[in-house]
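# Geometric and topological summary
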Amino acid sequence: MLKILFYDTKSYDEESFEKKRKEYPDIQIDYLKPTLGPSTARLAKGYEAVCAFVNCNVGTKTIEILHERGVKLILMRCAGFNNVDISMAKECGIRILRVPGYSPEAVAEHAMGLALAANRRIHKAYVRVRENDFSLTGMLGFNFYGKTAGVVGTGKIGAAMARLCYGFGMKVLAYDKYRNPALDFVNYVELDELLAESDLITLHCPLTDENYHMINRETIRKMKDGVVLVNTSRGGLVKTEDLIEGIRARKFFAVGLDVYEEEKKNVFADRSDEILESSVTARLLSFPNVLITSHQGFFTQEALSAISETTLGNAMAYVRGETTGNEVE
C-alpha cells in the first residue's frame, strides 16, 4: 500500500482524486489543507509519498525534512516544477513525477478569454451594467480578425492557442527553440520580429533562468503601440515594474494576467479580509485596461480529471518500478 500525504487540498481536489482513486486499491491518500513547506513537511512522517501543487514550497529545506521523514516520492499535480529543488531531491534519492499536460485547451481557452475580455473591457462592462450604467465610454476595443497574434512557446498549450488565434482569422507568428511541425499555418520568427509585428502577444513557455523577465523594459519597447499582452504561464516571465511602466506610458491597449510575480500567497486563497503585503497587485488592478484572474487557466472539469488520473498513474508506476516519461530529472 502506497501512502500519500496530499497537501493544499481544496474540495474540488479531494472530490476529483477520490473518484479516480477507487480504481487504485493499492493507494491510500490522506488530505491536508495546509500547503507544503518547511513547517508542514514534518507531517509527512510515515508516508512514502507526498502530493504537491504549483504554489507549494518544495525547496531545499522542505526536501531535507521530507527525506528525514522517509519520503521517497514527490508527486507534482501540475506541469511546472520551478518551485522544486531538483538537485536536492536527487541527492536525497527522492523521485519527482509531474503532470506535463492535462488539458492544453483549458489554458489556451482561458488565455483567449482574457485577451477578448481585456480588449473589449468586458470586466468593466459587467460592473457598470450592474450599477445601471449602460454607457459605452471607455469600452472601445478592436477586432482580432485580420490582426497578428504572436505566440511565445508552441508546446501543447501554445499550439492550442495558435489554433484558436488562427480560427479567429488572425495571422499567427510564433517563437520557440523547437518548432512544432503540426502547426503548418504558423510562421516561426525570431522573438524581436514577433514583438514588433504582433497585435496580440500571448506567453506559453515554462519559466527558466534563461527566460526569466523576458518581458521587460527593453522587450516592451520593441512591441507595437497598442498591443494586447496575455500571460497564463508563469508570473516570472514578466518584470512587473517594467510592465506597469509600459502601461502608464500607454504602450499596451490591454493586459490579461492569470499569473503574476507576487501571486504566491494569493493562489487559490480568499484574502478579501486582509491587507495585502505589497501594492503591486493593487497597482495593476487600478488600470482600467488590466484584467487579472486567480491562476485559474487550468480549472476545468476535464483538466481536474486528467490531473488526478495522471498523478495516480505516476504513483502506480513508481510502485511497479516503471517509468512514465513524466519524471523530473
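Thresholds, definitions, all that
- Residues numbered from 1 in each chain as written.
- Predicted model: local features only at pLDDT ≥ 70, side-chain atom pairs only at ≥ 80, totals over all residues.
- Heavy atoms only, no water.
- Helix = DSSP H or I, 4+ residues; strand = E, 2+ residues; numbered from the N terminus.
- Buried < 20%, exposed > 50% of the residue type's maximum accessible area, 1.4 Å probe, protein only.
- Expected span 1.5 Å × (residues − 1).
- Contact = heavy atoms within 4.5 Å.
- Polar contact = N/O pair within 3.5 Å; in protein donor to acceptor, adjacent residues only side chain to side chain.

### Some points on unusual backbone geometry
Unusually for a residue other than glycine, Asn132 sits at a positive phi of about 60 degrees. By the element assignment, Asn132 lies in the loop between helix H6 (122-130) and strand S6 (148-152). Judged by relative accessible area, Asn132 falls into the exposed class, the value being 60%. One non-glycine residue, Arg250, lies in the positive phi region at around 60 degrees. Within the secondary structure layout, Arg250 lies in the loop between helix H10 (240-248) and strand S11 (252-257).

### Observations regarding helix H7 (residues 156-167)
One turn of an α-helix holds 3.6 residues; hence residues three or four places apart share an orientation. A rise of 1.5 Å per residue sets the reference length of H7, with its 12 residues, at 16 Å; its end C-alpha atoms lie 17 Å apart and thus fit the reference within 8%. Along H7, the residues that are buried comprise Gly158, Ala159, Ala160, Met161, Ala162 and Cys165. Elements in contact with the buried residues of H7: helix H5 (104-120), S6, strand S7 (171-175) and strand S9 (200-203). In the stretch just after H7, Gly169 is the one whose phi turns positive, near 85 degrees.

### Topic: the side chain of Thr202
Tracing the backbone shows Thr202 in strand S9. A distance of 2.6 Å separates the side chain of Thr202 from the side chain of His204, its partner in a polar contact. Excluding anything up to four places from it in sequence, Thr202 contacts Ala111, Gly150, Val151, Val152, Met161 and Val230.

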